[in-house]
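What follows is the residue order along each chain.
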Amino acid sequence: MSILSRRKLITTGIVATAGASGLVVVAKLAKRYGLIPPDSGGIYGPGETLTYAAQRLLTRHSLAREFSRSQMSAKPFANEVAPLGDDFKTFQQGAFADWRLAVDGMVARPSSFSLAELKSFPRRSHITMIQCEEGWSYIAEWTGVPLSHVLERVGALPQVRYVVYRSFQPDWWESIDMADSLHPQTLLTYEMNGGELPVGFGGPLRMRISRQLGYKSVKYITRLTLTDNLKKFGKGLGSSSPEGGYAWFAGA
Ligand SMILES: Nc1nc2c(c(=O)[nH]1)N[C@H]1C(S)=C(S)[C@@H](COP(=O)(O)O)O[C@H]1N2
Ligand SMILES: [Mo]
């Protein structure tokens, strides 16, 4: 949590310097521009709103730092995941030929894509750092199709405000706003460091969110749902993270 709490400290510092009137301005702006995060209730709620609103007002289009090839980590660390089970093994034995990405919700054309189809779409790579909330990090090259391209392809409706993404592991699901969904570094990745994305790192398909902590980069993606309202998903807090005590917005 160190990065998050440091960020909160900085944002809180800015606001403290700006004085009480500054806080009122941020709250008003947040409301006016719909910058209230789904986990804005509870004791950390005002802090979450402040962090999210300030970030979106100041850095909506900013890029995560990209590194050079020589800075890539020699030994990236794959965080352990819960056992994937026999159904996953069956997919794996078939070289994931049967893996599908379903796209539904507020779209003109609900769709389902194979990996081969996703790989035939425009591809982008970036060498960025992934940081776990527990403190460790590594730098790797990620390659995949920009999420924005998939959204365009399925005909995202103009009312869409969030993309919910789900994993083969039902306990792992997240959502992001349109600033991140349309962000050029947000990729549905299928390659890492120039090779196939290993299962340990989320293969065959992993959402890579470059500007947020590692837990937003969910592994084993199976479904995207476009929505204007996060209340109907899980406990209504936007993702599984706030249900476990972590922030929905994890700007790193
Ligand atoms: N499906 C799934 N996605 C996941 C996780 C997980 O356990 N299952 N762990 C998350 C966490 S907490 C982090 S920090 C990163 C770790 O990424 P890495 O294994 O590439 O280091 O993946 C995230 N995505
Ligand atoms: Mo993590």
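Numbers given to residues run from 1 along each chain, matching the order in which its sequence is written. Going through the entries in the order they are written, you letter the chains from A and number the ligands from 1. Local features in this predicted model are restricted to residues whose pLDDT is 70 or higher, and side-chain atom pairs enter the listing and the counts only when it is 80 or higher, whereas totals over whole chains, interfaces and linings include all residues. No hydrogens and no water enter the side-chain calculation; it runs on all heavy atoms of the structure.

Draft legend 1. Local environment of the packing of aromatic side chains. Working definition: rings of Phe, Tyr and Trp (its six-membered ring) pair if their centres are within 6.5 Å, and the pair is stacked with planes under 30 degrees apart, edge-to-face with planes over 60 apart, and tilted otherwise. Within this structure, the stated rule accounts for 16 aromatic pairs. Aromatic pair Tyr52 and Trp248: ring centres 5.3 Å apart, planes at 75°, arrangement edge-to-face. Here Tyr52 is found in helix H3 (residues 45-59), whereas its partner Trp248 is found in the segment after helix H8 (240-243), with 196 residues between them in sequence. When sorted by exposure, Tyr52 lands in the same class as Trp248, which is buried. Note on Trp99 and Phe168: the rings are 5.9 Å apart at their centroids and 40° apart in plane angle, and the pair reads as tilted. On the criterion of sequence distance, the pair formed by Trp99 in the loop between helix H4 (85-93) and strand S1 (100-105) and Phe168 in the loop between strand S5 (162-167) and strand S6 (173-177) is long-range, its members being 69 residues apart. Partly exposed describes any residue whose relative accessible area lies between the buried limit of under 20% and the exposed limit of over 50%, with all areas from a 1.4 Å probe on protein chains only and scaled to the type maximum. On the basis of relative accessibility, which here comes to 24%, the residue Phe168 falls in the partly exposed class. Counting from the N terminus, the helices are DSSP H or I runs at least four residues long and the strands are E runs at least two residues long.

Draft legend 2. The arrangement of the pattern of salt bridges in detail. Should a side-chain nitrogen of Lys or Arg be within 4 Å of a carboxyl oxygen of Asp or Glu, the pair is scored as a salt bridge. Under the defined criterion, the tally for this structure stands at nine salt bridges. Across the pair Arg56 and Asp177 runs a salt bridge whose closest N-O atoms are separated by 2.6 Å. Pair noted here: Arg56 is in helix H3 and Asp177 is in strand S6, with a separation of 121 residues, a long-range link. Residue Asp177 is classed as buried on the basis of its relative accessible area, which comes to 6%.

Draft legend 3. Inspection of a nonpolar patch on the surface at higher detail. Together, Tyr33, Leu57 and Leu58 give the surface a local cluster of nonpolar side chains, amounting to about 340 Å² of exposed area. Summarising the element assignment, Leu57 is placed in helix H3. Patch rule: a residue counts if its relative accessible area is over 30% and it has no salt bridge; like charges are joined within 9 Å, and nonpolar side chains (Val, Leu, Ile, Met, Phe, Trp, Tyr) within 5 Å. Here the open area of atoms and residues is found with the Shrake-Rupley method and a 1.4 Å probe, where only the protein chains shown may cover a residue.

Draft legend 4. Expanded view of the layout of surface pockets. Points on a 1 Å grid over protein atoms alone make up a cavity when a 1.4 Å probe fits among them but cannot get out, and a pocket when they form an open set with protein on both sides within 12 Å along at least five of seven lines; lining residues each have an atom within 4 Å of a point. Grid points are joined across faces, edges and corners, and a volume is the space filled by probe spheres set on the points. Considered as a void within the structure, the largest pocket measures approximately 490 Å³ in volume. Taken together, 26 residues make up the lining of the largest pocket; nearest its centre are Asn79, Trp172, Gly214, Tyr215 and Lys219. When the residues that make up the lining of the largest pocket are grouped by side-chain class, the tally is 13 nonpolar, seven polar and six charged. Volume-wise, the second largest pocket comes out at about 380 Å³. Around the second largest pocket, the lining is made up of 22 residues, and of these Ala64, Arg65, Ser210, Arg211 and Ala252 lie nearest the centre. Looking at the lining of the second largest pocket, the elements with two or more residues in it are H3 and strand S3 (124-131). Any residue outside Ala, Val, Leu, Ile, Met, Phe, Trp, Tyr, Cys, Pro, Asp, Glu, Lys and Arg is labelled polar, Gly included; the first ten of those are nonpolar and the last four are charged. Residues belonging to the lining of the second largest pocket are distributed by class as follows: eight nonpolar, eight polar and six charged. Segmentation into domains, and thus their bounds, comes from an automatic or database assignment. Lining the lining of the second largest pocket are residues from two domains, each supplying at least three of them: domain 1 (3-59) and domain 2 (69-243).

Draft legend 5. Highlighting the side chain of His183. Tracing the backbone shows His183 in the loop between helix H7 (178-181) and strand S7 (187-192). Take His183: its relative accessible area is 3%, and that puts it in the buried class. In this view, His183 contacts Arg60, His61, Ser62, Leu63, Met178, Ser210 and Arg211; residues no more than four positions away in its chain are not counted. The contact definition used throughout considers only heavy atoms, calling two residues in contact when any of these lie within 4.5 Å.

Draft legend 6. Representation of the domain arrangement of the protein within the structure. In terms of domain boundaries, the protein breaks down into domain 1 (3-59) and domain 2 (69-243). Once you take the C-alpha centre of each, domain 1 and domain 2 turn out to be 27 Å apart. At the junction of the two partners, domain 1 supplies nine residues and domain 2 supplies 15 residues. Accessible area, probed at 1.4 Å, shrinks when two parts are joined; the buried area is that loss added up over both. For the pairing of domain 1 and domain 2, the buried interface totals around 810 Å² over both sides, and the portion due to carbon and sulfur atoms is 50%. The tally of links between domain 1 and domain 2 comes to two salt bridges. N or O atoms closer than or at 3.5 Å make up a polar contact, with two conditions inside protein: a donor-capable atom paired with an acceptor-capable one, and, for residues adjacent in sequence, both atoms drawn from side chains. Counting across the interface, domain 1 meets domain 2 through five residue pairs in polar contact (both at pLDDT 80 or more). Of all the secondary structure elements, the ones that give two or more residues to the side of domain 1 that touches domain 2 are helix H1 (2-18) and H3. In terms of residue count, the dominant contributor to the side of domain 1 that touches domain 2 is H3 (three residues). Classifying every residue of the side of domain 1 that touches domain 2 gives five nonpolar, two polar and two charged.

Draft legend 7. Examining the site of ligand 1 more closely. Working definition: residue near molecule or strand if any one of its non-hydrogen atoms lies within 4 Å of it. Residues in contact with ligand 1 amount to 19 residues; listed here are only the nearest, Phe77, Asn79, Tyr138, Gln169 and Lys219. Here Tyr138 contributes a side-chain N or O atom positioned 2.5 Å from an oxygen atom of ligand 1. When the free accessible area of ligand 1 is taken as 530 Å², the share hidden by the protein chains comes to 97%. Pocket occupancy is defined atom-wise: a molecule lies in a cavity or pocket when more than half of its atoms are within 2 Å of its grid points. One can see that ligand 1 is located within the largest pocket. The residue inventory of the shell around ligand 1, partitioned by class, reads eleven nonpolar, five polar and three charged.

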